[in-house]
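Examination of the molecular architecture
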Amino acid sequence: MSSRGRFITLEGGEGVGKSTNLAWVADHLMDRGLEVVRTREPGGTPRAEAIRQLLLDPADDEPLDVDAELLLVFAARAQHLARVVCPALARGAWVVCDRFTDATFAYQGGGRGIPARRIAELESFVQQGLQPDLTLLLDMPMEAAQRRLEGRLGRDGGARDRFERERGEFFQAVRRAYLARAAEDPHRIAVVDADRPLGQVQAELSRLLDNCLESWR
Ligand SMILES: Nc1ncnc2c1ncn2[C@@H]1O[C@H](COP(=O)(O)OP(=O)(O)OP(=O)(O)O)[C@@H](O)[C@H]1O
Ligand SMILES: Cc1cn([C@H]2C[C@H](O)[C@@H](COP(=O)(O)O)O2)c(=O)[nH]c1=O
């Protein structure tokens with residue numbers, strides 16, 4: 001096995017099963033003796049988590065400007081990369097991250113309508129060429145994912161955050177943007193049908209991960 005760490009991201013719309021499967025992916029890799037760092041965006045460090053709170057806060061006393069939203073996402077990312085992701089990869093750990101820059105192209109690009117070239121400029125500035133080695137895009141129809149989310153919110157007694165309050169068209173645009181990214185970069189982004197029982201989803205994740213483990217040897 002190479003000593004270089006690997007960067008794996010999970011992506012997809014709200015409620016498709018990212019958190020559930022992130023834990024499973026981390027365990028799958030740890031079972032193979034790898035050091036795994038499990039993290040998320042926006043967030044992953046105390047200051048980046050504080051930016052996450054600003055982004056997710058549904059208070060409508062002061063609407064968040066779309067460019068401010070984009071810059072906050074990348075500010076949190078810069079902090080997360082500097083403090084967590086890059087040091088972990090440098091010491092040979094595997095980083096498994098719930099969302100990364102594909103989410104920015106999907107939410108701020110597809111959802112908010114910010115041109116992809118503007119997002120790409122910030123991506124180059126903040127990431128300096130760093131890209132995930134593998135992205136697992138969990139995909140399913142928005143309506144079914146919304147039902148799952150309602151089930152979880154009901155059980156948690158949780159309230160919807162600023163993004164979860166968006167309308168259906170927003171989430172349809174997010175899904176289209178994710179699928180367009182996967183079509184542009186099929187070598188990195190694997191689309192996984194998430195609208196299946198968990199065992200079937202995880203069997204496919206297992207196959208994808210084991211193929212990568214084999215080819216990265
Ligand atoms: N394949 C599946 N079949 C049925 N239910 C599932 C499946 N995967 C996840 N769930 C359930 O759906 C709900 C949402 O899953 P989860 O919280 O993992 O999604 P998420 O993509 O992380 O959501 P968010 O976008 O809000 O972070 C949870 O209650 C989870 O137990
Ligand atoms: C990384 C990233 C995230 N978002 C949005 C997408 C989600 O609605 C929230 C994060 O909450 P979750 O628990 O992961 O669902 O943030 C975004 O708009 N842009 C991004 O780059």
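What counts, and where the lines are drawn
- Residues numbered from 1 in each chain as written.
- Chains lettered and ligands numbered in written order.
- Predicted model: local features only at pLDDT ≥ 70, side-chain atom pairs only at ≥ 80, totals over all residues.
- Heavy atoms only, no water.
- UniProt positions renumbered as here; feature names shortened; annotations may be inferred.
- Pairing = 2+ DSSP bridges.
- Helix = DSSP H or I, 4+ residues; strand = E, 2+ residues; numbered from the N terminus.
- Axes fitted to C-alpha atoms, helices over the stretch in contact; angles between N-to-C directions.
- Contact = heavy atoms within 4.5 Å.
- Buried < 20%, exposed > 50% of the residue type's maximum accessible area, 1.4 Å probe, protein only.
- Arc of directions from axis to C-beta.

- The name that an unreviewed UniProt entry assigns to the protein is Thymidylate kinase, with the source organism given as Halomonas nitroreducens.
- The Function (unreviewed entry) field of the UniProt record for the protein holds the comment "Phosphorylation of dTMP to form dTDP in both de novo and salvage pathways of dTTP synthesis."
- Per its UniProt entry, the protein bears the Sequence similarities (unreviewed entry) comment "Belongs to the thymidylate kinase family."

**Considerations on the sheet that holds strand S5 (residues 189–193)**
- Spatial ordering of the open sheet is given by S2-S3-S1-S4-S5, a layout of 5 strands whose pairing is parallel. Looking at which strands have only one partner, the edges of the open sheet turn out to be strand S2 (36–40) and S5. Shown here is a sheet whose adjacent strand axes are inclined to one another by a mean of 20°, direction ignored.
- As paired strands, S2 and strand S3 (residues 94–98) are joined by 5 bridges and run parallel to one another. Directly across from Arg40, in S3, lies its bridge partner Asp98.
- Lying over the sheet, helix H3 (residues 66–90) contacts strand S1 (7–11), S2 and S3, oriented at roughly 155° with respect to S2.

**What about helix H2 (residues 46–56)?**
- Every buried residue of H2 is listed here: Ala48, Ile51, Arg52, Leu55 and Leu56. Taken around the axis of H2, the buried residues stretch over an arc of 130°, which confines them to a single face. Residues Pro46, Arg47, Gln53 and Leu54 are exposed on H2 and point more than 90 degrees away from its buried face.
- Packing partners of the buried residues in H2 comprise S2 and H3.

**A few points about unusual backbone geometry**
- In this structure, Pro42 follows Glu41 across a cis peptide bond, with omega equal to -10°.
- Note that Pro42 resides in the loop between S2 and H2.
- Residue Arg99 is not a glycine yet carries a positive backbone phi of 80°.
- Note on Arg99: relative accessible area 13%, which makes it buried.
- Phi at Gln128 is positive, roughly 50°, even though this residue is not glycine.
- Considering the arrangement of structural elements, one finds Gln128 in the loop between helix H5 (116–127) and strand S4 (134–139).
- What makes Gln128 exposed here is its relative accessible area of 66%.

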